[in-house]
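These are the residues of each chain, in order.
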Amino acid sequence: MAQLDLRAKLGILADAAKYDASCASSGTRKRSSEGQAKGIGSTEGMGICHAYAPDGRCISLLKILLTNSCIFDCHYCINRKSSNVRRARFTPAEVVELTLSFYRRNYIEGLFLSSGIIRSSDYTMEQLVEVARSLREDHHFRGYIHLKTIPDADPLLIEAAGRHADRLSINVELPTESGLARLAPEKSAPRIEGAMAGVRHKIEDRQDARRRYRSAPGFAPAGQSTQMIIGADAATDRDIMTKAHGLYDRHALRRVYYSAFSPIPDASAVLPLKRPPLIREHRLYQSDWMLRFYGYSLADISAAADPASGMLPLDMDPKLAWALRFREHFPVDVNRAPREALLRVPGLGVKAVNGILAARRWRRLRLEDIARLTRSVVKLRPFLIAEDWRPVRLGDRLEVAPPPPRQQLELFAA
Amino acid sequence: MALVRLAADDDVEGWRAAARGLALAGVPADAVHWQVGDGPADLFADAEPGVPPPAPGAEAFSVPRRFVELAETALLHADPERFARLYALLLRLRDQPRAIEDRADPLIRTIEDMAKAVRRDMHKMHAFLRFRAVEEAEGERFVAWYEPEHHIVRANAGFFVRRFSTLRWSILTPQLSLHWDGISLAEGPPGQRGDAPDADPAEAAWKTYYASIFNPARLKTAAMLREMPKKYWKNMPEAALVPALVADAQRREREMIMTAQTSPAGNATLALEALREEAAQCRRCPLWKPATQTVFGEGPAGAPLMFVGEQPGDQEDLAGHPFVGPAGQLFDRALGDAGVDRSRAYVTNAVKHFKFEPRGKRRIHAKPDSGEIEACRWWIEQERDIVRPALTVALGVTAAQSLTGRSITISRARGAPVRLADGGECWITVHPSFLLRIPEADRKAEEYARFVDDLRRIGARLAELTG
Ligand code: SF4
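Worth saying up front: this structure is predicted, and the values here are computed from it rather than measured.

Analysis parameters
Each residue is numbered by its place in its chain's sequence as written, counting from 1. Written order decides the labels, with chains lettered from A and ligands numbered from 1. With the structure being a predicted model, the display of local features is reserved for residues of pLDDT at least 70 and the display and counting of side-chain atom pairs for 80 or more, all residues being used for whole-chain, interface and lining totals. Only hydrogens and water are set aside when side-chain values are computed; all heavy atoms of the structure are taken into account. In this text, helices come from DSSP runs of H or I with a minimum length of four residues, and strands from runs of E with a minimum of two, each type numbered from the N-terminal end. When checking whether two residues touch, look at their non-hydrogen atoms; a contact exists if any pair is within 4.5 Å. Values of accessible area rely on a 1.4 Å probe in the Shrake-Rupley scheme; residue burial ignores everything except the protein chains shown. Counting rule for charge: Lys and Arg are taken as positive, Asp and Glu as negative, and neither His nor the chain ends is counted. For this purpose, a charge sits on NZ of Lys, CZ of Arg, CG of Asp or CD of Glu. UniProt positions are given in the numbering used here, feature names are shortened, and annotations may be inferred rather than shown by experiment. Buried Ala, Val, Leu, Ile, Met, Phe, Trp, Tyr and Cys residues form a nonpolar core when they are joined through side-chain atoms within 4.5 Å. When a residue's accessible area, from a 1.4 Å probe over protein chains only, is under 20% of the maximum for its type it is buried; when over 50% it is exposed; and in between it is partly exposed. For patch detection, residues must exceed 30% relative accessible area and be free of salt bridges, and they are connected within 9 Å for like charges or within 5 Å for nonpolar side chains (Val, Leu, Ile, Met, Phe, Trp, Tyr). Within this document, salt bridges are pairs made up of a side-chain nitrogen of Lys or Arg and a carboxyl oxygen of Asp or Glu, the two lying within 4 Å of each other. To be near a molecule or strand, a residue needs just one of its heavy atoms within 4 Å of it. Asp, Glu, Lys and Arg are counted as charged, while Ala, Val, Leu, Ile, Met, Phe, Trp, Tyr, Cys and Pro are counted as nonpolar; the rest, among them Gly, fall into the polar class. Strands qualify as paired when DSSP identifies two bridges or more between them. Every axis in this analysis is a line fitted to C-alpha atoms, fitted for helices over the stretch in contact. Angles between the N-to-C directions lie between 0 and 180 degrees. When two rings of Phe, Tyr or Trp (its six-membered ring) have centres within 6.5 Å they constitute a pair, described as stacked for plane angles under 30 degrees, edge-to-face for angles over 60, and tilted for the intermediate range. In our convention, an over-ring charge means Lys NZ or Arg CZ found within 6 Å of a ring centre and within 35 degrees of that ring's normal. The labels follow the angle: roughly parallel below 35 degrees, roughly antiparallel above 145, roughly perpendicular from 65 to 115, and oblique for the rest. Here the quantity called buried area is the total loss of accessible area, with a 1.4 Å probe, experienced by two parts when brought into contact, counted for both. Pairs of N or O atoms are called polar contacts if they sit within 3.5 Å, as long as, within protein, a hydrogen donor faces a hydrogen acceptor (for residues adjacent in sequence, only side-chain-to-side-chain pairs). In predicted models, pLDDT denotes the confidence assigned by the predictor to each residue on a 0 to 100 scale. When two cysteine sulfur atoms lie within 2.5 Å, the pair is treated as a disulfide. Here the expected span of a helix is defined as 1.5 Å times the quantity of residues minus one.

Undergrad: Please clarify how the overall build of chain A should be interpreted in this entry.
TA: For chain A, the count of helices and strands is 15 helices and ten strands. Taking the principal axes of its C-alpha atoms as reference, chain A extends roughly 85 × 55 × 40 Å. Long-range contacts, defined as pairs at least 24 residues apart, comprise 66% of the intrachain contacts of chain A with a sequence gap of at least 6. With the model as given, the accessible surface of chain A reaches about 16,900 Å², and the carbon-plus-sulfur share is 54%. Separation of charge centres in chain A, based on 63 positive and 47 negative side chains, amounts to 3 Å.

Encoded structure:
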């Protein structure tokens, strides 16, 4: 391979990383460089998106691969052994320099480093760890670091990775085992989940230690995440949410990312040729939120999906789909209903519900009050009862009654 | 009328002191003029400058913490009405401190929206400000030009100090400039864009990164614009690339799909094998449970002709091969009579598991419902993607529904081609099991002849298509 200049390498190794959806820089401990003699960087809890790409995705971290060479042959991956893409490889020092140079100009929050597997899992993991170590120890970098973890790597290397990184992630890749067997023949679901369990154990262990001794070293304070590719195997939405729920449950993940598989150059023949609609990915994220923040159970999400095909409707959000299947739960009285019932109203977010709960301690709420707390009251009023509002009935179509004529009321009052 | 002069647009302390004094003096909200700096005083000739003394018997009061936080943020808003609005709210809270919880109240809503706009503006400054390096005698200095919407620059200084405390930097804005020398922060007069450097050696790499990290197969410009509206673009070097990236995206995606679609030809057999293996584990609908096995399609991966039946029957389910039972045998005979070479055809079913109702020891065929047909389309579509037959034949209504996505009446649809969504040509005829179910011998012979006729026409059409 001829020597490529740094920019050419960056082009190749960022291109190779773009299919990974996880790019959050949130959820870690606060750090600051104020009053420090050396180093650079801070984290403030909330992630920052420093730019947005035309694909609508947030650019928060420098997301690159150390190398896009790989000894594995996962069919959905552009870096697989049998692909004809141009290969490149960074040295750890180059990645460190690039990260710092971007960080100083306020382009990024930090680094998201992943890699193809070269030589062996341990060798590759060592290289990834070396980048993080150098950033933290040689340069006192206090920005965000996310390291992709290789499931088979030596536990001591995982340990070192967690010491330097804010977040670790191990991708489950595909929601079904048969999909994994077809598309990533060298990977094994039990090994992947085994590694996740190991990371969870270390995270909790260290949290515990830090509660007792403030100085105990941390371990991946922003937790671990994973990613699933959607639409490359036969998994239905119901299968996917079942898998995600199990992962949250077993490994205390911070996030599961769903990435609609997209056509890649030089695609493998084994890959489906059609990409799933991007809206499907969106519906899965919405279901994920319903599980995590809206108090829905896995059974609820399942019930929102079509009973036979197991797919969520594409033309409406899953919360609305659930509400239409369980009409008997509506309308909900905004002046009386408990929090859990309000959270199930399509179109009412957590913030709006908090607003309603706080405001109604004060007075009885009218439809216009709800309008001030939400984006579109028209969509949600068929599901609500307010002081001056009662939907006629929640029919088969979303028929809604017009607001009561105000002038008339005034006439009566006169 | 009282006239209050504040020292600066973000003079939160000055507002707080004045508001407290005005409240104690019992001045109503609409009797105060708020002014920043020394504006033309004659506009308010009738106004009394300064804060009047407390009214007799006025008592000190406290306001909820949430109000203080809200005021600190909302006061940075560019709207000149902000001082008056917050003062009006303060007066209300003095009597009803808990009213702050009523976020559906119009005044509180307005002020919260202002605070939200300010927070967003602060956040966007954290995100979109770009430093450029300049060489100075003492070393490198990082300089940025930034144009905020609200009066947030001072309030945002801490963020940049915490993050870049060991660098030397300057932030120039139309309101004021901030300079950090590694130890302390100094304020300077407003700047101009021309005062900041117009290039930086790292920008080329950053632009390369921005262009490469974008996936052209997922163009979502509306989502991008929502978070990064155009007004920010002029001070972000990477934003100059957006129009070209967007314009090029569709072409790049088309190219990827084209190459993807031409490549399977080389190893279509491998792809089909992998698909068959995955389908063996399919759980997409409940039909897999009582059935013996998935019965996948069979035939050459490059077949120009594809036959699609309904579902495997009792014997197919046990054997694991399609069209081996009585209907399959009849089908073979009809193909022979029509002169169509079955070895050139790929034969498969719309639904790949046997659906039945147990009747004593026998398993009676049951029709798959549309949910099951839909679930199983996952497989047939991929089989079709790989085989890409010039001509497809739907045997019976289930196959026709699966292929076309509509419900079809055979009698009306047979004998003429239908264009499928993937561009393929499809002919529709009866399922051979229909012939088996006809009790009268003469009608049976008649229908068999019609079936053979259809197949003959299909054979001729195939010859036309494949040359
Ligand atoms: S009938 Fe089709 S979709 Fe249903 S389980 Fe069998 S192969 Fe899967």
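Undergrad: What is the right way to read the UniProt feature "domain: Uracil-DNA glycosylase-like" (unreviewed entry) in chain B from this model?
TA: In the numbering adopted here, UniProt assigns the feature "domain: Uracil-DNA glycosylase-like" (unreviewed entry) to residues 296-456 of chain B. Structurally, residues 296-456 of chain B comprises 44% helix and 19% strand, and the distance from its first C-alpha atom to its last is 26 Å.

Undergrad: I keep staring at the nonpolar core and nothing clicks. Help me out?
TA: Residues and elements named next belong to chain B. Counting residues in hydrophobic clusters, the biggest one holds 204 residues, and the most contacted among them are W15, W34, Y87 and W169. By residue number, the principal contributor to this core is helix α4 (residues 106-128), which donates ten residues. Setting aside anything within four residues of it in sequence, one finds Y87 in contact with W15, A19, L22, A23, V27, P28, A29, V32 and W34. If you look at the next biggest cluster of nonpolar residues, it comprises 59 residues, including A268, Y346, I408 and L420.

Undergrad: Explain a positive patch on the surface to me, please; I cannot follow it from the model alone.
TA: A cluster of like positive charges, contributed by A:K351, A:R375, B:K116, B:R119, B:R120, B:K220 and B:R226, occupies part of the molecular surface. The greatest single-element share of the positive patch, amounting to three residues, is contributed by α4(B). In this fold, B:R226 is placed in helix α7 (residues 221-227).

Undergrad: Just checking my understanding: could you explain the site of the ligand for this structure?
TA: Inspection of the region around the ligand gives B:C282, B:R284, B:C285, B:L287, B:W288, B:V351, B:K352, B:H353, B:A375, B:C376 and B:W379 as its neighbouring residues. Of the residues belonging to the shell around the ligand, the class tally is eight nonpolar, one polar and two charged.

Undergrad: Just checking my understanding: could you explain the UniProt feature "domain: Radical SAM core" (unreviewed entry) in chain A for this structure?
TA: UniProt feature "domain: Radical SAM core" (unreviewed entry): in the numbering of this structure it lies at residues 65-189 of chain A. Counting secondary structure, residues 65-189 of chain A comes out at 39% helix and 11% strand; the distance between its end C-alpha atoms is 23 Å.

Undergrad: How should the sheet that holds strand β3 (residues 61-65) of chain A be read in this particular structure?
TA: Hydrogen bonds between backbone atoms are what pair the strands of a sheet, whose relative direction is either parallel or antiparallel. All names here are of chain A. A sheet is described by the order of its strands in space; here six strands give the open sequence β3-β4-β5-β6-β7-β8, paired in parallel fashion. Where the open sheet ends on each side, the last strands, each with one partner, are β3 and β8 (255-260). Strand after strand, the sheet turns through a mean of 20° between neighbouring axes, direction not considered.

Undergrad: Would you explain the packing of aromatic side chains in this entry?
TA: What characterises a pair of aromatic rings is the spacing of the ring centres plus the angle enclosed by the ring planes. Scanning the entire structure with this criterion turns up 29 aromatic pairs over all chains. Where A:Y103 meets A:F141, the ring centres are 5.0 Å apart and the plane angle is 85°; that geometry is what we call edge-to-face. Within this pair, whereas A:Y103 is found in helix α2 (residues 92-104), its partner A:F141 is found in the loop between α3 (121-138) and β5 (144-148), the two being separated by 38 residues in sequence. Residue A:Y103 is classed as buried on the basis of its relative accessible area of 0%. Classification of A:F141 by relative accessible area gives buried; the value is 2%. The structure contains a cluster of three or more aromatic residues connected by ring pairs, namely A:Y103, A:F141, B:F131, B:F159, B:F160, B:F164, B:W169 and B:W180. Sitting above the plane of the A:Y123 ring, A:R119 keeps its charged end 3.9 Å from the centroid. One cation-aromatic arrangement involves B:R363 over B:F356; the distance from NZ or CZ to the ring centre is 4.9 Å.

Undergrad: Mind showing me how you'd approach the packing of helix α9 (residues 268-279) of chain B against helix α12 (residues 370-387) of chain B here?
TA: A pair of packed helices can be characterised by two numbers: the angle between their axes and the separation between those axes. Residues and elements named next belong to chain B. Where α9 meets α12, the axes come as close as 10 Å, and the angle between the chain directions of the two elements is 170°. Relative to α12, the element α9 is oriented roughly antiparallel. Contacts between α9 and α12 involve A268, A271, L272, L275, E278 and A279 from the first element and W379, Q382, E383, I386 and V387 from the second. Broken down by class, the residue content of the contact of α9 with α12 amounts to eight nonpolar, one polar and two charged.

Undergrad: I tried to follow the interface of chain B and chain A on my own but got confused; where do I start?
TA: Reports of interface size often rely on the accessible area that becomes lost once the parts have come together. Residue-level contacts link 87 residues of chain B with 83 residues of chain A. Among the residues of chain B in contact with chain A, B:R163, B:Y209 and B:R218 are the three that bury the most area, contributing 12% of the side total. At the boundary of chain B with chain A, the tally comes to seven salt bridges. Here A:R182 ties to B:E278 by a salt bridge, and the two come within 2.2 Å at their closest N and O atoms. Seen at the junction of chain B and chain A, the total is 32 residue pairs in polar contact (both at pLDDT 80 or more). Of all the secondary structure elements, the ones that give two or more residues to the side of chain B that touches chain A are α4, β5 (139-145), α5 (153-163), α6 (203-213), α7, α8 (242-262), α9 and α12 of chain B. Residue composition of the side of chain B that touches chain A, grouped by class: 47 nonpolar, 15 polar and 25 charged.

Undergrad: Help me understand the confidence of the model for chain B, please; the structure alone is not making it clear to me.
TA: Parts of the prediction with low pLDDT should not have their coordinates interpreted in detail. Here chain B averages 91 in pLDDT, and 96% of its residues register 70 or above. The ipTM, which scores confidence in the relative placement of chains, is 0.89 for this predicted complex, and the corresponding pTM is 0.85.

Undergrad: Explain the state of the cysteines to me, please; I cannot follow it from the model alone.
TA: Here, disulfide denotes a covalent bond that connects the sulfur atoms of two cysteines. All names here are of chain A. This structure, assessed with the given rule, holds one disulfide over all chains. Counting only cysteine sulfurs, C74 is the nearest neighbor of C70, a cysteine outside any disulfide, at a range of 6.4 Å. The class of C70 is buried, set by a relative accessible area of 18%.

Undergrad: So what exactly am I meant to see when it comes to α2(A) here?
TA: One full turn of an α-helix is made of 3.6 residues, so residues set three or four places apart face in the same direction. Over its 13 residues, α2(A) extends 19 Å from the first C-alpha to the last, a length consistent with the 18 Å expected when each residue adds 1.5 Å. Among the residues making up α2(A), those that are buried are A:P92, A:V95, A:V96, A:L98, A:T99, A:L100, A:S101, A:F102 and A:Y103. The secondary structure elements touched by the buried residues of α2(A) are α1 (6-15), β3, β4 (110-114) and α3 of chain A together with α5 and α6 of chain B. A:N106 occupies a position one or two residues after α2(A) and carries a positive phi of about 65°.

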